[in-house]
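Architecture at a glance
What follows is each chain in one-letter form.
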Amino acid sequence: DQNRIMVELQKGLNCGLSMARFSADGKLISVVFSNEFRDILGLQDLKVFPNSHRAWLERIHPEDYKAAAELIKNIGAACGENQTFKASYRFLNGHGIYRWVKSTGRFILQRDGTRLFVSSSIDVTDEYNRDRLLGGNNREGFISDIEDFLCHENNYQDYAVLYFNIRNFKAVNELWGFDEGDNFLKYYSDKLHDSTLKPIKLGCRGDHFFCFVRWQE
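The sections below set out a description of the structure shown in this document.

Criteria and cut-off values
- Residues numbered from 1 in each chain as written.
- Predicted model: local features only at pLDDT ≥ 70, side-chain atom pairs only at ≥ 80, totals over all residues.
- Heavy atoms only, no water.
- Helix = DSSP H or I, 4+ residues; strand = E, 2+ residues; numbered from the N terminus.
- Rg over C-alpha atoms; globule rule 2.2 N^0.38 Å.
- Buried < 20%, exposed > 50% of the residue type's maximum accessible area, 1.4 Å probe, protein only.
- Contact = heavy atoms within 4.5 Å.
- Areas by Shrake-Rupley, 256 points an atom, 1.4 Å probe, with all protein chains shown as cover.
- Core = buried A, V, L, I, M, F, W, Y, C linked by side-chain atoms within 4.5 Å.
- Pairing = 2+ DSSP bridges.
- Axes fitted to C-alpha atoms, helices over the stretch in contact; angles between N-to-C directions.
- Expected span 1.5 Å × (residues − 1).
- Polar contact = N/O pair within 3.5 Å; in protein donor to acceptor, adjacent residues only side chain to side chain.
- Salt bridge = Lys/Arg side-chain N within 4 Å of Asp/Glu carboxyl O.

1. Comments concerning the overall build of the chain
Across its full length, the chain holds eight helices and eight strands. Relative to the compact-globule value of 17 Å for 217 residues, the chain shows a C-alpha radius of gyration of 22 Å, a clear excess of over 25%. With respect to the three principal axes, the spread of C-alpha positions in the chain is 65 × 45 × 35 Å. A burial count over the chain gives 37% of its 217 residues as buried. Long-range pairs, those at least 24 residues apart, make up 50% of the contacts in the chain between residues at least 6 apart in sequence. Entry remark: accessible area of the chain is about 13,900 Å², with carbon and sulfur atoms responsible for 50%.

Given below as structure tokens:
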């Protein structure tokens with residue numbers, strides 16, 4: 001059964017499909033988001049997230065909106081061409097949190113002359129929010145984690161964000177090399193994590209570190 005295979009494929013790849021049908025002259029006719037796409041983003045309710053490109057655009061992050069709208073325009077203009085489209089953008093999920101989504105799609109010519117644009121989408125938030133060296137949150141991941149934490153925090157308390165910058169860190173790399181510089185950053189990150197500050201969330205970007213802590217700490 002083709003539908004069953006498609007469902008199992010999406011689950012196996014942890015992705016969701018969206019399908020947009022265009023007329024032969026490039027006009028958008030309809031849009032459908034698969035159940036797997038909706039599950040990934042927590043948007044199963046058709047009333048909250050109907051099958052329309054406007055509903056999709058309304059959930060795009062303001063900083064990514066212009067590029068997303070241009071993408072739809074370009075897809076329509078290239079209707080039927082043997083071309084693959086790729087895009088990464090922040091999308092507001094059903095929990096009110098922006099998640100990074102990566103989509104890849106191309107056209108399939110239909111017997112009735114219409115063009116079906118099929119796109120697979122995956123949640124790549126963890127990939128985008130991780131510092132490659134230290135493995136923890138980068139600045140974006142740090143902010144996202146705090147937003148998620150506060151959205152689910154029922155025990156209201158006072159919190160603080162602390163910022164640390166290792167001054168003249170460039171000298172460490174110049175004197176002892178980049179490998180030793182990387183080791184020092186890892187050491188410093190571990191010390192912050194295990195410190196008496198007891199950080200709830202910890203993030204970094206190069207030699208800049210961010211701690212989200214309870215005020216009393």
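Past the structure itself, the notes keep going.
2. Notes on the nonpolar core
Ranked by internal contacts, the top residues of the largest apolar core, which has 24 residues, are Trp56 and Phe91. Sort the elements by how many residues they give to this core and strand S3 (residues 85-92) lands first, with four residues. When neighbours within four sequence positions are excluded, phenylalanine 91 is seen to be in contact with Leu41, Leu43, Phe49, Trp56, Arg59, Ile60, Ile97, Tyr98, Arg99 and Val101. Formed by eleven residues, the second largest nonpolar core is a distinct cluster that contains Ile166, Leu185, Leu202 and Phe209.

3. Structural notes on the sheet that holds strand S7 (residues 201-205)
Pairing is antiparallel across the open sheet formed by three strands, whose spatial order is S6-S8-S7. Every interior strand has two partners, whereas the edge strands, strand S6 (159-165) and S7, have only one. On average, each strand axis in the sheet is inclined to that of its neighbour by 15 degrees, with strand direction left out of account. Judged from the five bridges that link them, S7 and strand S8 (residues 208-214) form a sheet pairing that is antiparallel. Across the sheet, residue lysine 201 finds its bridge partner in S8, namely phenylalanine 212.

4. A look at the sheet that holds strand S5 (residues 115-123)
What the five strands build is an open sheet, ordered S2-S1-S5-S4-S3; its pairing is antiparallel. Two strands in the sheet have a free side with no partner beyond their single neighbour: strand S2 (28-33) and S3. The sheet shows a mean angle of 25 degrees between the axes of neighbouring strands, taken without regard to direction. Note that S3 and strand S4 (residues 98-109) share eight bridges and pair antiparallel. Following the sheet pairing, phenylalanine 91 is matched in S4 by arginine 99. Sheet strands touched by helix H4 (residues 62-77): strand S1 (16-22), S3, S4 and S5. Its angle to S3, the strand with the most contacts, is close to 140 degrees.

5. Description of unusual backbone geometry
Positive phi, normally seen in glycine, also occurs at asparagine 168, with a value near 60 degrees. In this structure, asparagine 168 sits in the loop between S6 and helix H7 (170-176). Given the relative accessible area of 65%, asparagine 168 is considered exposed. One non-glycine residue, lysine 198, adopts positive backbone phi at about 50 degrees. Checked against the element boundaries, lysine 198 lands in the loop between helix H8 (178-193) and S7.

6. So, helix H6 (residues 139-151)
The periodicity of an α-helix, 3.6 residues per turn, causes residues three or four places apart in sequence to face the same way. Over its 13 residues, H6 runs 19 Å from end to end, which matches the ideal 18 Å to within 8%, given 1.5 Å per residue. Within the span of H6, buried status applies to Gly141, Phe142, Ser144, Ile146 and Phe149. Check the buried side of H6 and you find it contacts S4, S6, S7 and S8. Structurally, the start of H6 carries an N-cap: the backbone nitrogen of glycine 141 is 2.8 Å from a side-chain oxygen of asparagine 138.

7. Here we look at the pattern of salt bridges
Considering all chains together, one arrives at three salt bridges under this definition. Note that glutamate 63 and arginine 90 form a salt bridge whose closest N and O atoms lie 3.1 Å from each other. Here the residue glutamate 63 occupies a position in helix H4, and arginine 90 occupies one in strand S3, the gap between them amounting to 27 residues. Arginine 90 is paired through a salt bridge with aspartate 64; the nearest N and O atoms lie 2.9 Å apart. Taken together, the positions of arginine 90 in strand S3 and aspartate 64 in helix H4 put the pair 26 residues apart, joining distant regions of the chain.

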